[in-house]
Amino acid sequence: MKHKFGITSFFAVIVTALAVISFQSCSKKLDEAYLNPNNPIEGSIEAILPNVINQMTSTAAPPAGGGGGSYGPVCESVNLGKYIQFWNLNATGDNYDQMGGVYATASDNTGLVWAMHYYGIGQNAKFIISRGTEQKKWDYVGVANAIFAFSWLTLTEEYGEVILKDAFNQSLQQFRYDQQSAVYDTVRQICDSAIMYLNKTGDGVSAANLAYGDGYLFGGDVNKWKKFVYAIKARSYAHLSNKSFYSTKGYADSVIKYCDLSITNNADNAMQKWVGGNFSGTNNYFGPYRGNIGTLRQSAFIANLLTGVGPTSPFKGVFDPRTPYLINENTNGTYKGVLPNQGTSGLATADQPKNFWRAAFSSTAVTADSGRYIFNNLAPFPIITAAEIQFVKAEAAFRKGDKALALAAYTNGINLSFDMLINTYQTRIPSAAQITPATRAAYLANPAVVPTAAALTLSQIMLQKYIALYGYGFNETWVDMRRYHYIDKDPTTGNQVYADFTLPTTLTIYNAGKLAYRCRPRYNSEYLYNIPALQSIGALASDYHTKEHWFSQP
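Residues numbered from 1 in each chain as written. Predicted model: local features only at pLDDT ≥ 70, side-chain atom pairs only at ≥ 80, totals over all residues. Heavy atoms only, no water.

Draft legend 1. Inspection of the packing of helix H2 (residues 45-54) against helix H5 (residues 138-159) at higher detail. At a minimum axis distance of 11 Å, the contact between H2 and H5 shows a crossing angle of 20 degrees. Of the possible angle classes, the one that applies to H2 and H5 is roughly parallel. The crossing of H2 and H5 is left-handed. Contacts between H2 and H5 involve Ile45, Glu46, Leu49, Val52 and Ile53 from the first element and Tyr140, Val143 and Ile147 from the second. Residues belonging to the contact of H2 with H5 are distributed by class as follows: seven nonpolar, no polar and one charged. (Axes fitted to C-alpha atoms, helices over the stretch in contact; angles between N-to-C directions. Helix = DSSP H or I, 4+ residues; strand = E, 2+ residues; numbered from the N terminus. Parallel < 35°, antiparallel > 145°, perpendicular 65-115°, else oblique. Left-handed = near helix turned anticlockwise from the far one by under 90°. Contact = heavy atoms within 4.5 Å. Nonpolar A, V, L, I, M, F, W, Y, C, P; charged D, E, K, R; others polar.)

Here you go:
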């Protein structure tokens, strides 16, 4: 959040103000009489919406500078994905491999969702809501509210206490923080507003006009936006599973209700699309053009989970046909991964996996096929998928004690994951490695994968969700892992819910032996201008990033 002008922009404002004062008397009437069509007073909401949508994945500064640099959840995941071991660094000594947070540094690492919300979406979404209301373009108002709900929930689940009531108040120079519970309530209120506006017809509502601003997510389909909103609402209830009122207030029923209203097939998936070209913001953040993940390698946890290697995994001994779609093989033709903060330790040269752009482990180069799955310049990037929603429903049904419903949703989630990979990400997979009806059927017929309803476990649900969301669902997966405190036990099996998930052997000294549960607010606003407010929530402590969230506490 920008609270003050920098020195350069301050002087620019002074100079501009003086120029306006001296020139105003002779230019006002001319400006009113002859408006310049190439210099509009303000942008249209149709032109603003594409960038607001893009904020939900990643954005980048335009070639001439400005725009605040790259920020958004996908940019953040380069580091946060190490906490949940989607990937780890290909060397030792990485702060995030050791579950560290940013402390006593000018870095904006892990402040990129903060920038997304307060700087990228913030006033732009508010402008769309304001002008859209004036113009009676209710569909635009609904979409802006939907994005705001997504942004608020993502924000608070990364940072905990955030600026809610004082947010976007341009008369303030310091901003107070609010409790996370208040943000959850606000998210649901915004969701309700979004649905109300998206249900409106007539006036300035137009599918064709909405598609102009929504060309690369839902193509102007209001019904898909409604399902997106219901997905946010389902998340807002599901993420409070540790609270005593989850049971007493019937939150499991609310989760199931909103899942059923949400994304139920892959045709409705929220997936950001790209046009490519020579501009960062029009290419997938994980693709080789933007060059952001050259030093990341798949983790041992995901490799072992997919190949059935883990000693306590419920899928032990079962090879998942999705493996070559999601991760990369080594020169031995097998699938291995790195442990956090250990680099190549324990990995023979021939066991070291290729990088995500299909080059050798030691290389940050790009090969001819330039990356499979979501690791390609033009690969659609999922935000919320039908598979996720089914696993959210399965967990809620399981907690409610309806194991038949839980098994049905669990099985649907696996099938939807298979379908998405086959239909969207198969083109770069060699024919010999592609999923076939036979390999898929055999996998699903294995009772270790799809048991009877009575034998279904929480660990199976959460691990299959982890697989289905691998690579893109980092925010949701980190919420899940924190709800289970990374290594909580499954009461049925006695093993970890995230079976065989191994914590880093070395934690940074600032952790005081504790695990990461939150990120610090953005340095280039809060830690420069908002110190008293930070002090009030304890955010100046060196181990603040280990403070557990309200949502994951009992």
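Draft legend 2. Highlighting the packing of aromatic side chains. As enumerated under the stated definition, the model contains 48 aromatic pairs in all. Plain terms: the ring middles of tryptophan 114 and tyrosine 118 are 4.8 Å apart, the flat faces sit at 50 degrees to each other, and that makes the pair tilted. Taken as a pair, tryptophan 114 and tyrosine 118 lie in helix H4 (residues 112-134) at a separation of four residues, close to a single helical turn. Each member of the pair, tryptophan 114 as well as tyrosine 118, carries the same accessibility label: buried. Taking 5.9 Å as the distance between ring centres and 20 degrees as the angle between the ring planes, the aromatic pair formed by tryptophan 138 and tyrosine 197 counts as stacked. Placement of the pair is tryptophan 138 in helix H5 and tyrosine 197 in helix H6 (residues 180-198), with a sequence separation of 59 residues. Each member of the pair tryptophan 138 and tyrosine 197 is classed as buried. The cationic tip of arginine 188 hangs over the ring face of tyrosine 237; the distance from NZ or CZ to the ring centre is 4.1 Å. Here lysine 200 stacks its cationic end above the ring of tryptophan 138, 4.9 Å away from the centre of that ring. (Phe/Tyr/Trp six-rings, centres within 6.5 Å; stacked < 30°, edge-to-face > 60°. Buried < 20%, exposed > 50% of the residue type's maximum accessible area, 1.4 Å probe, protein only. Lys NZ or Arg CZ within 6 Å of the ring centre and 35° of its normal.)

Draft legend 3. Quick look at the layout of surface pockets. Its volume calculated, the second largest pocket comes out at about 320 Å³. Elements with a contribution of two residues or more to the lining of the second largest pocket: H2 and helix H7 (207-213). Per element, the largest residue contribution to the lining of the second largest pocket is four residues, and it comes from H2. Of the residues in the lining of the second largest pocket, the class split is 11 nonpolar, eight polar and two charged. (1 Å grid on protein atoms, 1.4 Å probe; cavity = no way out; pocket = protein on both sides within 12 Å on 5 of 7 lines; lining within 4 Å. Points joined across faces, edges and corners; volume = space filled by probe spheres on them.)

Draft legend 4. A look at the environment of leucine 80. Structurally, the position occupied by leucine 80 is in helix H3 (residues 73-83). Overall, leucine 80 belongs to the buried group, its relative accessible area being 6%. In this structure the C-alpha to C-alpha distance between leucine 80 and valine 255, which are 175 residues apart in sequence, comes to 26 Å. In this structure leucine 80 touches Thr110, Glu158, Trp478 and Cys519, once residues within four positions along its chain are discounted.

Draft legend 5. Expanded view of the environment of methionine 99. Mapped onto the secondary structure, methionine 99 falls in the loop between strand E1 (87-89) and H4. For methionine 99, a relative accessible area of 2% gives the class buried. In this structure, the C-alpha to C-alpha distance between methionine 99 and asparagine 511, residues 412 residues apart in sequence, is 7.9 Å. For methionine 99, the contacting residues outside a window of four places in its chain are Tyr83, Tyr486, Pro504, Leu507, Asn511, Leu515, Ala516 and His545.

Draft legend 6. Molecular detail of the side chain of aspartate 178. Locating aspartate 178 in the fold gives a position in the loop between H5 and H6. Of the polar contacts made by the side chain of aspartate 178, one reaches the backbone nitrogen of leucine 164; its length is 2.9 Å. Beyond its immediate stretch of four places on either side in the chain, aspartate 178 contacts Glu161, Val162, Ile163, Leu164 and Lys165. (Polar contact = N/O pair within 3.5 Å; in protein donor to acceptor, adjacent residues only side chain to side chain.)

Draft legend 7. The packing of H5 against H6, seen in detail. Taken N-terminus to C-terminus, the directions of H5 and H6 make an angle of 160 degrees; their axes are 8 Å apart at the nearest point. Between H5 and H6, the interaxial angle falls into the category roughly antiparallel. At the point where H5 passes H6, the crossing takes the left-handed sense. In terms of residue class, the contact of H5 with H6 is built from 16 nonpolar, five polar and two charged.

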